[in-house]
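Tertiary structure, described
Single-letter residue listing:
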Amino acid sequence: MLSAADSLMWDALEIGPQWILRETEDVTLAETALRAELRQPAPAVRSAAPAAPSRPAPRPAARSTALPPGMPPEFAPRPAPARPAPVVRPVAEPISSAPQAPALVLPPEVVAACEKADWATLEGLAGACTCCSMAKSRQHVVFAEGGPGMRIALVGEAPGSEEDLQGIPFVGKSGQLLTQMLESIGIERRRDIAIMNVLKCRPPGNRNPAPAEVACCATYLRRQLLLVRPDVLLIMGRFAMQTLLGLGPDASIGSQRGRVHDVTIGDFDTKAVVSYHPSYLLRAPDEKAKAWEDLTLFRRLIREAGIKLAPVHHTH
């Protein structure tokens, strides 16, 4: 039987039985493509005898489309897609000889200023940053919600359209889901937790950030965490996980969630849990059960750290 706290968490994550229809696609094979694939040139054979007249290759027998009795149509095998024609590329100069775009690097004076900045100064430095092209398309720099003095922190990936308009992390539908998730384990936003993203500006079209863009913004994030110095940290999203755990681009959330990580930033160490980003959970609600497991683990970390939380004033 679920406890009252676990029941609340299931409610917040809207976990329940789900029936998801398997998506199918109607793939047909054009007759002309089939003929082209089957048409093979005959090998040249030296012979004094006159060449025999060529015979057309026999057409393959048509595959029966009848289904065994009782089998639903959705289980029918899909026809094999046509093989794409080979692409012949023109000879070009080696890639290594092409001019390379300059790497994005924060000016040394900005890096030095970040290393000794207080919270307000750091926010001003981030607000004035023009290191990458996102500075031209942003509406607002999304610095953080909450700040130093909070023992719990959360790091996400990047602002979306609503965050860009309001200058606040995690608003809109993903923010509403995050608020419910946090409240389900006794955390009240704006009171108990400092929330920030790796990227301080919205990538145009919500595209994935470039590694150089992440590196620039990571300078601000590093100083933020050194100023907050949280006892426990919740990492949400792949780019946040890769940045804070020092992992490569192929590392996935699934490979890192389910256990406690030690995160070291400068002279500061903290315990962290990795989980899925709320915007991903909105697109893949079947993963909410795993997110609930991650929240349970994070709630245990909070208790082990001796953090006492007041009752939550629920917003929903």
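In this text the structure is predicted, and so the values were computed from the model without any measurement.

Examining the state of the cysteines
Enumeration according to the criterion identifies one disulfide in this entry. At a sulfur-sulfur separation of 2.5 Å, the disulfide partner of C131 is C216. In this pair, C131 is assigned in the loop between helix 4 (119-127) and helix 5 (134-137) and C216 in helix 8 (residues 211-228), connecting sequence segments 85 residues apart. Residue classification places C131 among the buried residues on the basis of a relative accessible area of 18%. The class for C216 is buried, based on a relative accessible area of 4%. Left without a disulfide partner, C132 is nearest to the cysteine sulfur of C131, which lies 5.8 Å away.

Things to note about the environment of V214
In this fold, V214 is placed in helix 8. Taking relative accessible area as the criterion, V214 reaches 13% and is therefore assigned buried. Measuring from C-alpha to C-alpha, the distance between V214 and K200 comes to 9.5 Å, with 14 residues separating the pair along the chain. Beyond its immediate chain neighbours, meaning those up to four positions away, V214 contacts V198, L199, P209 and T243.

Remarks on unusual backbone geometry
Both trends apply: most residues other than glycine have a negative phi, and most peptide bonds are in trans. Its identity is not glycine, yet F170 carries a phi of approximately 55°, on the positive side. Within the secondary structure, F170 sits in the loop between helix 6 (161-166) and helix 7 (172-184). Despite not being glycine, R229 has its phi angle at roughly 50°, a positive value. In this fold, R229 is placed in the loop between helix 8 and strand 3 (232-236). Accessibility expressed as a relative area gives 36% for R229, which makes it partly exposed.

Observations concerning helix 12 (residues 288-304)
Between the first and last C-alpha of helix 12 there are 24 Å, a value that for 17 residues agrees with the 24 Å anticipated at 1.5 Å per step. All of the buried residues along helix 12 are K288, A291, W292, D294, L295, L297, F298, R299, L301 and I302. Positive phi appears at G306, one or two residues downstream of helix 12, with a value of about 75°.

Some points on the sheet that holds strand 4 (residues 260-265)
For sheets, the rule is that strands pair by backbone hydrogen bonds, running either parallel or antiparallel. Strand order in the open sheet made by the five strands is 2-1-3-5-4, with mixed pairing throughout. Among the strands making up the open sheet, the edge pair consists of strand 2 (193-197) and strand 4. Ignoring which end each strand starts from, the neighbouring axes of this sheet average 30° apart. Judged from the five bridges that link them, strand 3 and strand 5 (residues 268-275) form a sheet pairing that is parallel. By the bridge assignment, L233 is partnered in strand 5 with A272. This element, helix 8, spans strand 1 (152-156), strand 2, strand 3, strand 4 and strand 5 of the sheet and lies at about 170° to strand 2. Taken strand by strand, helix 12 contacts strand 1, strand 3, strand 4 and strand 5, and its axis lies near 155° from that of strand 5.

So, the packing of helix 3 (residues 108-115) against helix 8
Between helix 3 and helix 8, whose axes approach to 9 Å, the crossing angle comes to 15°. When the axes of helix 3 and helix 8 are compared, the pair comes out roughly parallel. Seen along the crossing, helix 3 lies across helix 8 with a hand that is right-handed. Where helix 3 abuts helix 8, its residues V110, C114 and E115 lie against T219, Y220 and R223. Among the residues forming the contact of helix 3 with helix 8, the class breakdown is three nonpolar, one polar and two charged.

Brief notes about the confidence of the model for the protein chain
With 66% of its residues at a pLDDT of 70 or more, the protein chain shows a mean pLDDT of 79. A low-confidence stretch, residues 70-78 (pLDDT under 50), is modelled with six contacts involving residues beyond four sequence positions or located in other chains. Ignoring residues within four places in sequence, the model shows residues 87-102, a span with pLDDT below 50, making one contact including any to other chains.

A closer look at the pattern of salt bridges
A full pass over the atoms with the stated rule returns 12 salt bridges. Measuring nitrogen to oxygen at the nearest pair gives 3.0 Å for the salt bridge that ties R189 to E145. Of this pair, R189 sits in the loop between helix 7 and strand 2 while E145 sits in the loop between helix 5 and strand 1, placing them 44 residues apart in sequence. Owing to a relative accessible area of 8%, R189 belongs among the buried residues under this scheme. E145 gets classed as buried once you look at its relative accessible area, which sits at 7%. Its salt-bridge partner being K271, residue D262 comes within 2.5 Å of it at the nearest N-O pair. A relative accessible area of 58% places D262 in the exposed class.

Notes on the side chain of H277
Tracing the chain through its elements places H277 in the loop between strand 5 and helix 11 (278-283). Taking the relative accessible area as the measure of exposure, H277 reaches 9% and is therefore buried. Separated by 2.8 Å, the side chains of H277 and S279 make a polar contact. When sequence neighbours within four positions are dropped, the list of residues in contact with H277 reads E157, F170, M236 and G237.

Cut-off values and rules
Residues numbered from 1 in each chain as written. Predicted model: local features only at pLDDT ≥ 70, side-chain atom pairs only at ≥ 80, totals over all residues. Heavy atoms only, no water. Disulfide = S-S within 2.5 Å. Helix = DSSP H or I, 4+ residues; strand = E, 2+ residues; numbered from the N terminus. Buried < 20%, exposed > 50% of the residue type's maximum accessible area, 1.4 Å probe, protein only. Contact = heavy atoms within 4.5 Å. Expected span 1.5 Å × (residues − 1). Pairing = 2+ DSSP bridges. Axes fitted to C-alpha atoms, helices over the stretch in contact; angles between N-to-C directions. Parallel < 35°, antiparallel > 145°, perpendicular 65-115°, else oblique. Left-handed = near helix turned anticlockwise from the far one by under 90°. Nonpolar A, V, L, I, M, F, W, Y, C, P; charged D, E, K, R; others polar. pLDDT = per-residue confidence, 0-100. Salt bridge = Lys/Arg side-chain N within 4 Å of Asp/Glu carboxyl O. Polar contact = N/O pair within 3.5 Å; in protein donor to acceptor, adjacent residues only side chain to side chain.

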